[in-house]
Amino acid sequence: MNDPDVGRIWGGLARSHHLTPLDDLADSVIEHVRPLGFTEIMIYVASLRPLYLVPLPGQRDVHGEPLDRLPVDTTLAGRAFRNLEIVQARPTTVFSSVEAEPLGGEGPRRLWVPMLDGTERVGVLGVTVPVVDDHTKRIAAELGALIALLVVSKRTSSDAYIRMIRTEEMDLSAEVLWALMPIRNYSTDKISVSAALEPAYSVGGDAFDYSLDGDILRLGIFDAMGHDLSAGLTATIALGAYRNNRRRRGIDLLAVSDAIDEAIADQFSRSRFATGILAELNIHSGLLTWVNRGHPPPLILRQGRVASMLETPPDTPMGLRLGPATVLSRRQFEPDDRLLLYTDGILEAQTPEGEMFGLDRFTDFVIKREADGLSAPETLRRLVHSILLHQRGRLQDDATVMLVEWRTERLRQLSV
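## With respect to the sheet that holds strand β4 (residues 87-89)
Spatially, β3-β2-β1-β6-β5-β4 is the arrangement adopted by the six strands of the open sheet, whose pairing is antiparallel. Looking at which strands have only one partner, the edges of the open sheet turn out to be β3 (70-71) and β4. Pairing geometry for strand β1 (residues 39-46) and strand β2 (residues 52-55), over three bridges, is antiparallel. Considered in β2, the bridge of A46 is made with L53. Of the strands in this sheet, β1, β5 (109-117) and β6 (120-129) touch helix α4 (residues 134-155), which is tilted by about 45 degrees from β5.

This is how it looks when you write it as structure tokens:
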């Protein structure tokens, strides 16, 4: 099939999706790609805590049975998700964790294709193709990317989607905070932001935020006092005040942090507070500016090591009205530097015997996984899994981490 025919198929699928509910999306994809000779289409999305791949509604296997969720860490579909690569297998090894076959070969093959929206790993596409060659792989990759966009466009208006990706019941405070926070992974050709937050279903007072405004990447991470609904409301006010004030013209980071201080104090009469880092990274020049309101200092990772802990005299936490912020700090990034923001729950996660996860273990983990060539989202996914194992599956405090990559020309060439 030539590319113009493929273009008409993509166009028809894009047009039809406007009136296609999420429950019918898989059937719509199957109908539109039938002329390509693609069969056994299966669409999976990542669970909220990305340990599983969950099938879109209404899908069945070749035996007519409803599709089951697939573990990310032990299946070929999960390998495609973890490593951002097309994985090939024989059609009979749809759900196995056997070794993948090299791409190519004669006869029908099962392809597992990562579904990406930028650096956000939406899920994976499973498809059986009549032959594997460069053309087929390109078409399969394009289909995966298109389906990712279709899924993303529908999920915010679908309780069915939200219910589908949850593997546990969610607390009220977590429900509120997840609705407010941005997606956990975002990228352009110049920057990449990845975040992880646990416990995903009962987060109390941690929150993160970011926004790209021209050449300025704005970043915020918050840790509200406590681990209850009041902590969630405190973090909610911090997020709202942060966005409301940073969007005003002519207001700097110190003033924004003071506005958050006032907003929390107004609502809780100085009985609640939040620590936080507010930062701005000029993605053209690499100049980082930040204010620290009683929060653990950020780290700069460079060439496989911790290059700097950005320790400054911290201003007071927000919500106590102890005076205006006074310390605005600046640091010039070097090419390919990475910024690591985190809350104290990362470091203080501890075993029943009292052994803390700690700063050295935390930074070593991130550095080693990046040295292994893992993407930032996969690095943070494995970090969270490691922290949960360290604390026997249940955190005593919220744990949040953000990893920001400043992509210079060298990194952009490597990512192509």
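So much for the structure itself; the text now carries on.
## Thoughts on helix α8 (residues 253-268)
Taking 1.5 Å as the rise per residue, α8 with 16 residues should run 22 Å; its terminal C-alpha atoms sit 23 Å apart, in good agreement. Taken together, the buried positions of α8 are L253, L254, V256, S257, D258, A259, I260, D261, I264, A265 and F268. As for α8, its buried residues are in contact with β10 (216-224), α7 (229-246), β11 (274-282) and β12 (287-293). Where α8 starts, the residue carrying a side-chain oxygen 3.3 Å from the main-chain nitrogen of L254 turns out to be D252. Of the residues trailing α8, S269 is marked for its positive phi of about 50 degrees.

## A word on the packing of aromatic side chains
Within this structure, the stated rule accounts for five aromatic pairs. Centre to centre, the rings of Y342 and F362 are 5.4 Å apart; their planes meet at 65 degrees, and the pair counts as edge-to-face. Highlighted residues: Y342 in strand β16 (residues 338-342) and F362 in helix α10 (residues 359-371), separated in sequence by 20 residues. Between R69 and the ring centre of Y52, over which it is positioned, the NZ or CZ distance is 3.8 Å. Across the ring face of Y242, the terminal group of R246 is positioned such that the distance to the ring centre comes to 4.7 Å.

## Side note on the packing of helix α2 (residues 25-33) against α4
One way to put it is that α2 packs onto α4 with a least axis distance of 12 Å and a crossing angle of 150 degrees. Between α2 and α4, the angle falls in the class roughly antiparallel. In this structure, α2 crosses over α4, and the sense of that crossing is right-handed. In this structure, α2 uses L25, V29 and V33 to contact α4, whose residues at the interface are L143, I147, L150 and V151.

## Considering the sheet that holds strand β8 (residues 191-198)
The strand order across the open sheet built from six strands is β7-β8-β17-β16-β13-β14, with neighbouring strands paired in antiparallel fashion. Both outer strands of the open sheet, β7 (185-187) and β14 (305-309), are each paired with one neighbouring strand and no more. Adjacent strand axes in the sheet meet at a mean angle of 20 degrees when their direction is disregarded. By the bridge criterion, three bridges tie strand β13 (residues 299-302) to β16 in an arrangement that is antiparallel.

## Some remarks on the nonpolar core
A general trend in soluble globular proteins is that nonpolar side chains are found buried together. Counting residues in hydrophobic clusters, the biggest one holds 89 residues, and the most contacted among them are L219 and I260. Ranked by residues supplied to this core, first place goes to α4 with nine residues. Counting 23 residues, the second largest nonpolar core, distinct from the first, contains Y342, A349, V366 and L403.

## Details of the packing of helix α3 (residues 76-83) against helix α11 (residues 376-390)
Running from N to C, α3 and α11 point in directions that differ by 115 degrees, and their axes come no closer than 8 Å. Side by side, α3 and α11 meet where F81, R82 and N83 of the first sit next to E378, R381 and R382 of the second. Each residue belonging to the contact of α3 with α11 can be placed in one class, and the counts come to one nonpolar, one polar and four charged.

## Brief notes about the pairing of β12
Here is the key point about a regular strand: its side chains alternate between the two faces of the sheet. With six of seven residues buried, β12 lies mostly within the body of the structure. The sheet contact formed by β11 and β12 spans six bridges and is antiparallel. By the bridge assignment for β12, L281 is matched with L288. What sits between the antiparallel neighbours β11 and β12 is a turn of four residues, in which G286 has the positive phi angle 85 degrees. Examined bridge by bridge, β12 and strand β15 (residues 329-332) share four bridges and lie antiparallel to one another. Looking at the pairing, T289 lines up with R330 of β15.

## Regarding the pattern of salt bridges
A complete count under the given rule lists 29 salt bridges for this structure. E120 serves as the salt-bridge partner of R155, at 2.9 Å between the closest nitrogen and oxygen. Linking R155 in helix α4 with E120 in strand β6, this pair joins segments that are 35 residues apart in sequence. For the pair R155 and E120, one class covers both residues: buried.

What counts and what doesn't
- Numbers given to residues run from 1 along each chain, matching the order in which its sequence is written.
- Whole-chain, interface and lining totals are the exception, using all residues; otherwise, since this is a predicted model, local features are given only for residues with pLDDT of at least 70 and side-chain atom pairs are given and counted only at 80 or more.
- Side-chain measures were taken over the full set of non-hydrogen atoms in the model, leaving aside hydrogen atoms and water.
- One requirement defines pairing of two strands: DSSP has to find at least two bridges between them.
- In DSSP terms, a helix is any run of H or I states spanning at least four residues, a strand is any run of E spanning at least two, and both are numbered starting from the N terminus.
- Any two residues whose heavy atoms approach within 4.5 Å are treated as being in contact.
- Orientation is described by axes fitted as lines to C-alpha atoms, over the contacting stretch for helices, and by angles from 0 to 180 degrees between their N-to-C directions.
- The span you would expect from a helix comes to 1.5 Å times its residue count less one.
- Exposure is judged per residue with a 1.4 Å probe applied to protein chains only, and the accessible area is read against the type maximum: over 50% gives exposed, under 20% gives buried, and values in between give partly exposed.
- Pairs of N or O atoms are called polar contacts if they sit within 3.5 Å, as long as, within protein, a hydrogen donor faces a hydrogen acceptor (for residues adjacent in sequence, only side-chain-to-side-chain pairs).
- When two rings of Phe, Tyr or Trp (its six-membered ring) have centres within 6.5 Å they constitute a pair, described as stacked for plane angles under 30 degrees, edge-to-face for angles over 60, and tilted for the intermediate range.
- Whether a charge sits over a ring comes down to the Lys NZ or Arg CZ being within 6 Å of the ring centre and within 35 degrees of the ring normal.
- By the definition adopted for this analysis, an angle is roughly parallel if under 35 degrees, roughly antiparallel if over 145, roughly perpendicular if from 65 to 115, and oblique otherwise.
- Two helices crossing with the near one rotated counterclockwise from the far one by less than a right angle form a left-handed crossing, whereas a clockwise rotation gives a right-handed crossing.
- The term nonpolar core refers to a set of buried residues drawn from Ala, Val, Leu, Ile, Met, Phe, Trp, Tyr and Cys, joined through side-chain atoms within 4.5 Å.
- Each residue gets one label: Ala, Val, Leu, Ile, Met, Phe, Trp, Tyr, Cys and Pro are nonpolar, Asp, Glu, Lys and Arg are charged, and the others, such as Gly, are polar.
- The term salt bridge refers to a pairing of a side-chain nitrogen on Lys or Arg with a carboxyl oxygen on Asp or Glu at a separation within 4 Å.

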